Amino acid sequence: MRLLPLEDASELPRGWTDAQGPGRYRLSREGDATFDGWVVGPDSLKQTLFPSREVLYQAERREDGKLGFAPVAPAPSPKAFLGVRACDLAAARVQRSILEGGPHRDARHARRSEDTLVVAVHCTEPGALCFCASTETGPRVTEGADLALAERGEELLVEAHTDAGRAILDALDTREASDADEAWLDDAMVASAGKMGRHMRTEGLPAALFGRLDHPRWDEVADRCLACGNCTSVCPTCFCTTTTDDSDLDGSRGERERLWASCFDEDHAYIHGGTFRPTTKDRYRQWLTHKVGGWVSQTGTSGCVGCGRCIAWCPVGIDLTEEIDALWDGEGSAVLPPPRVTPDHAHEDLVPREATVRSVTRESADVVTLRLDAAPAFAPGQFSQLALPGIGEVPISIAGDEGGLEHTIRAVGATTTALCAITAGQQVGFRGPYGRGWPLAELAGAPVVVIAGGIGLAPLRAAIRHMLADRARFPEVHLVYGARTPDDVLYGEELARWEGAGLKLHVTVDQAPPEWTGNVGVVTRLLDRGSVPEGASAMMCGPEIMMVHAAQALGALGVDDAHTWLTMERHMECATGSCGRCQYGPFFVCTDGPVFSLDQVRFLFGREGF
């Protein structure tokens, strides 16, 4: 049963029903010629309001070498949806909470959600896989519709929920519903809830799931899961996307397209060097813990509406409700953050603007710093999105603003390699700044230890400059920095100036030539009472394994988790919390981070698979 445009009422699926089971969906004729004898097919409002692929912008590289980015916006198109179930109305609200409820409001989704009319259906005949009664998203239509219908024999009981719905109802030949009619509907809803074939225990579920990440059930379900992504394709709330960049042969014109993706894709959590979720177990656990766990912390509501589609369309019949029942049979509970409150929503169309490169500084063999003429206000620790038409877009930390907005980049992929080859006067695409920066106000008044590994010094550079410029508030600052070799030490001249300004500098390298007289070894070997004074707070950025061991050393020196801050690196593709790729438990790294306090992420920090 598909949701498709209708030319007239004769095309409505009257007299059809569907039979559903794990990995099974069949249509058949039913005896009564009813309109609502079927439940839900693979389609939902998602296909219309959040299409599976759309062009975000077109780009050109002009003859003068300048760039141009032109947004592609959806055309206004009034729409009416007929026969929508309560679970799908709830799904539309849930998906909107992600795409429009965070700090960045998806402009395209918002535009498509406007000017719609919804004629919904109270679900009187639930299917064997339905459990919307236990997720409190059905079977009765309570909000989100203009009209709600219930089929009673040859009559339709109609409720108008909005002015638009009342205007339609006023134009029809109707009679006033009687007390008996309304009592029938009440009884039908109670009966419908009682006939549902599935149930999900939801109270306390997020804390239980994140507290049972080592439950043996994850291995058992991973043995059956094909990681095909069917469940995410038919789920009416899943929202993960990816992007592709195409160009013509000479690179003068290109476009960026957004496509649905799945957290079951192997590259969904990929960053340079590897993926954070290499196994099917990791990806199934990510999907389930986010769907009915992390989503609650992000939006205040579960990402599951009880429609049962993921069960029907799973080719091996994995039953979400069965898996959750099995996970309930265990021990463990995690403390999760409360739902975030976002009072302001910035309009976001994901289209970069042009920025000219003022200067380029070669920092090492594979690292450069670009200074752009973009001049947005930023907080140390925030990041930008830099784009090149036809090549790609990447998140880059803002390293400062001396002589232009500074971005220090290591060539590790196609886009960063192309950015490292840029020369002064050329242009790049720029979006930002994004994310939450270092909590400098909270760090003032006590010793601060800055721990950096490799290019991890870049996100800390602006914060160090800020502290050294305000010695009254930051009287003692240590920098503990590790690089691969002496030639890979970044900002050499500036390190010397910082030391001259009072910074206590501790440097080590992994490998060194004979003439090197400094430290050799990992960063954590430098963490002792000489570099970590009593009462110190810590900020760190670098390879995650380095930060795990540094956190252990800091803890041993008395620095508690609430006074340890770190910046996380995950696959941040949209930077606005709408592509789902940087999910980290109950957080989006791009909008909730990238800077976190250690006590925020302690229950996941260093855990494989996340």
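Residues numbered from 1 in each chain as written. Predicted model: local features only at pLDDT ≥ 70, side-chain atom pairs only at ≥ 80, totals over all residues. Heavy atoms only, no water.

Considering the overall build of the chain
For step 1, the next point in the chain: When you go through the chain residue by residue, the secondary structure sums to 18 helices and 29 strands.
For step 2, the next point in the chain: Against the compact-globule benchmark of 25 Å for 610 residues, the chain has a radius of gyration of 28 Å, which places it among compact chains.
For step 3, the next point in the chain: Overall size of the chain, expressed as C-alpha extent along the three principal axes, is 90 × 60 × 45 Å.
For step 4, the next point in the chain: Looking at the chain as a whole, 55% of its 610 residues qualify as buried.
For step 5, the next point in the chain: As displayed, the chain has an accessible area near 25700 Å², and 50% of this comes from carbon and sulfur atoms. (Helix = DSSP H or I, 4+ residues; strand = E, 2+ residues; numbered from the N terminus. Rg over C-alpha atoms; globule rule 2.2 N^0.38 Å. Buried < 20%, exposed > 50% of the residue type's maximum accessible area, 1.4 Å probe, protein only. Areas by Shrake-Rupley, 256 points an atom, 1.4 Å probe, with all protein chains shown as cover.)

As for the pairing of strand 19 (residues 405-410)
For step 1, the next point in the chain: The buried fraction of strand 19 is high, at six of six residues.
For step 2, the next point in the chain: With burial as the criterion, each face of strand 19 is covered, one bearing L405, H407 and I409 and the other bearing E406, T408 and R410.
For step 3, the next point in the chain: Judged from the two bridges that link them, strand 18 (residues 392-400) and strand 19 form a sheet pairing that is antiparallel. Each bridged residue has a counterpart across the sheet, and for I398 the counterpart in strand 19 is H407.
For step 4, the next point in the chain: Linkage of strand 18 to strand 19, two consecutive antiparallel strands, is achieved through a turn of four residues, within which G403 is found at a positive phi near 80°. (Pairing = 2+ DSSP bridges.)

Some words on the pattern of salt bridges
Two side chains carrying opposite charge are able to pair once their charged atoms lie near each other.
For step 1, the next point in the chain: Under the criterion given, the structure shown has 44 salt bridges.
For step 2, the next point in the chain: Ionic pairing is found between D43 and R2, a salt bridge with its closest N-O pair at 2.5 Å. On the criterion of sequence distance, the pair formed by D43 in the loop between strand 2 (24-29) and helix 1 (46-49) and R2 in the segment before strand 1 (16-21) is long-range, its members being 41 residues apart.
For step 3, the next point in the chain: Residue classification places D43 among the buried positions, given a relative accessible area of 7%.
For step 4, the next point in the chain: The exposure class of R2 is exposed, given its relative accessible area of 53%.
For step 5, the next point in the chain: Here D488 ties to R484 by a salt bridge, and the two come within 3.4 Å at their closest N and O atoms.
For step 6, the next point in the chain: R484 sits in the partly exposed class, given a relative accessible area of 40%. (Salt bridge = Lys/Arg side-chain N within 4 Å of Asp/Glu carboxyl O.)

A look at the sheet that holds strand 25 (residues 537-541)
For step 1, the next point in the chain: Spatial ordering of the open sheet is given by 24-23-22-21-25-26-29, a layout of seven strands whose pairing is mixed. Across the chains shown, the open sheet's two edge strands, defined by having one partner strand only, are strand 24 (519-520) and strand 29 (595-597).
For step 2, the next point in the chain: Looking at chain direction, strand 26 (residues 564-567) and strand 29 are connected through three bridges and run antiparallel. In the sheet register, T567 faces strand 29, and the bridge partner there is V595.
For step 3, the next point in the chain: Relative to strand 25, helix 16 (residues 544-556) is tilted by about 170°, and along the sheet it contacts strand 21 (448-453), strand 25 and strand 26. (Contact = heavy atoms within 4.5 Å. Axes fitted to C-alpha atoms, helices over the stretch in contact; angles between N-to-C directions.)

Quick word on the side chain of S113
For step 1, the next point in the chain: With respect to the helices and strands, the residue S113 is situated in helix 3 (residues 107-113).
For step 2, the next point in the chain: Here S113 falls in the buried class, since its relative accessible area comes to 18%.
For step 3, the next point in the chain: Looking at S113, its side chain comes within polar contact range of the main-chain oxygen of H109, at 2.9 Å.
For step 4, the next point in the chain: Setting aside its immediate chain neighbours within four residues, S113 contacts L49, R96 and E100. (Polar contact = N/O pair within 3.5 Å; in protein donor to acceptor, adjacent residues only side chain to side chain.)

Observations concerning the packing of aromatic side chains
For step 1, the next point in the chain: The tally for this structure, following the rule as stated, stands at eleven aromatic pairs.
For step 2, the next point in the chain: Centroid distance W218 to Y284: 6.5 Å. Interplanar angle 55°. Geometry classified as tilted. Of this pair, W218 sits in helix 7 (residues 217-224) while Y284 is found in helix 9 (residues 280-299), placing the two residues 66 residues apart along the sequence.
For step 3, the next point in the chain: These aromatic residues form a ring-pair network of at least three members: W218, F264, Y284 and W287.
For step 4, the next point in the chain: Above the ring of W260, the side-chain terminus of K46 is found at 4.3 Å from the ring centroid.
For step 5, the next point in the chain: The ring of Y491 carries the charged tip of R461 above its face, separated from the ring centre by 3.8 Å. (Phe/Tyr/Trp six-rings, centres within 6.5 Å; stacked < 30°, edge-to-face > 60°. Lys NZ or Arg CZ within 6 Å of the ring centre and 35° of its normal.)

Observations regarding the pairing of strand 23 (residues 504-509)
For step 1, the next point in the chain: Across six bridges, the pairing between strand 22 (residues 477-483) and strand 23 is parallel. Considered in strand 23, the bridge of Y481 is made with V507.
For step 2, the next point in the chain: Considered for its hand, the β-α-β crossover made up of strand 22, helix 15 (residues 492-500) and strand 23 is right-handed.
For step 3, the next point in the chain: Examined bridge by bridge, strand 23 and strand 24 share two bridges and lie parallel to one another. By the bridge assignment for strand 24, V509 is matched with V520. (Right-handed = clockwise from strand over helix to strand, strands pointing away.)

Remarks on the sheet that holds strand 5 (residues 79-85)
Note on sheets: strands pair through backbone hydrogen bonds, and any given pair is parallel or antiparallel.
For step 1, the next point in the chain: The strand order across the open sheet formed by four strands is 5-7-8-9, and the pairing between neighbours is mixed. The open sheet has two edge strands with one neighbour each: strand 5 and strand 9 (155-160). Going across the sheet, the axis of each strand differs from the next one's by a mean of 25°, ignoring polarity.
For step 2, the next point in the chain: Sheet topology places strand 5 next to strand 7 (residues 116-121); six bridges connect them, and they run parallel. Bridge assignment links A80 to a residue of strand 7, and that residue is L117.
For step 3, the next point in the chain: Most of the contacts of helix 2 (residues 86-99) go to strand 5, to which it runs at about 125°, and overall it touches strand 5 and strand 7.
For step 4, the next point in the chain: Of the strands in this sheet, strand 8 (147-152) and strand 9 are in contact with helix 5 (residues 179-195), which crosses strand 8 at around 90°.

Some points on the environment of W16
For step 1, the next point in the chain: One can find W16 in strand 1.
For step 2, the next point in the chain: When the C-alpha atoms of W16 and P76 are compared, they prove to be 33 Å apart, with 60 residues separating the residues in sequence.
For step 3, the next point in the chain: With near-sequence residues (within four places) excluded, W16 lies in contact with M1, L27, S28, R29, E30, G37 and W38.

Regarding the environment of V119
For step 1, the next point in the chain: Checked against the element boundaries, V119 lands in strand 7.
For step 2, the next point in the chain: Remark: the alpha-carbon pair of V119 and G165, spanning 46 residues in sequence, is separated by 8.3 Å.
For step 3, the next point in the chain: Discounting residues that sit within four places of it in the chain, V119 has contacts with F81, L82, G83, V84, L147 and L149.

Section: helix 15
For step 1, the next point in the chain: Buried within helix 15 are the following residues: E494, L495 and W498. All buried residues of helix 15 project into a common sector of 105° when viewed along the axis, lining one side. Facing away from the buried side of helix 15 by more than 90 degrees, the exposed set consists of E493, R497 and G500.
For step 2, the next point in the chain: Where helix 15 is buried, its residues contact helix 14 (458-468), strand 22 and strand 23.
For step 3, the next point in the chain: G502 sits one or two positions beyond helix 15 and adopts a positive phi of about 115°. (Arc of directions from axis to C-beta.)

Observations concerning the nonpolar core
For step 1, the next point in the chain: Counting residues in hydrophobic clusters, the biggest one holds 57 residues, and the most contacted among them are I451, L527, V532, M540, Y584 and F605.
For step 2, the next point in the chain: Looking at this core, the elements with two or more residues in it are helix 2, strand 21, strand 25, helix 16, strand 28 (587-588), helix 17 (589-592) and helix 18 (598-601).
For step 3, the next point in the chain: Here this core takes seven residues from helix 16, the largest share from any one element.
For step 4, the next point in the chain: In contact with I451, other than residues within four places in its own chain, are L460, V480, V523, L527, M539, M540, C541, M546, A550 and L554.
For step 5, the next point in the chain: Judged by nonpolar contacts, the second largest core, of 32 residues, contains W438, V450, Y481 and L495. (Core = buried A, V, L, I, M, F, W, Y, C linked by side-chain atoms within 4.5 Å.)

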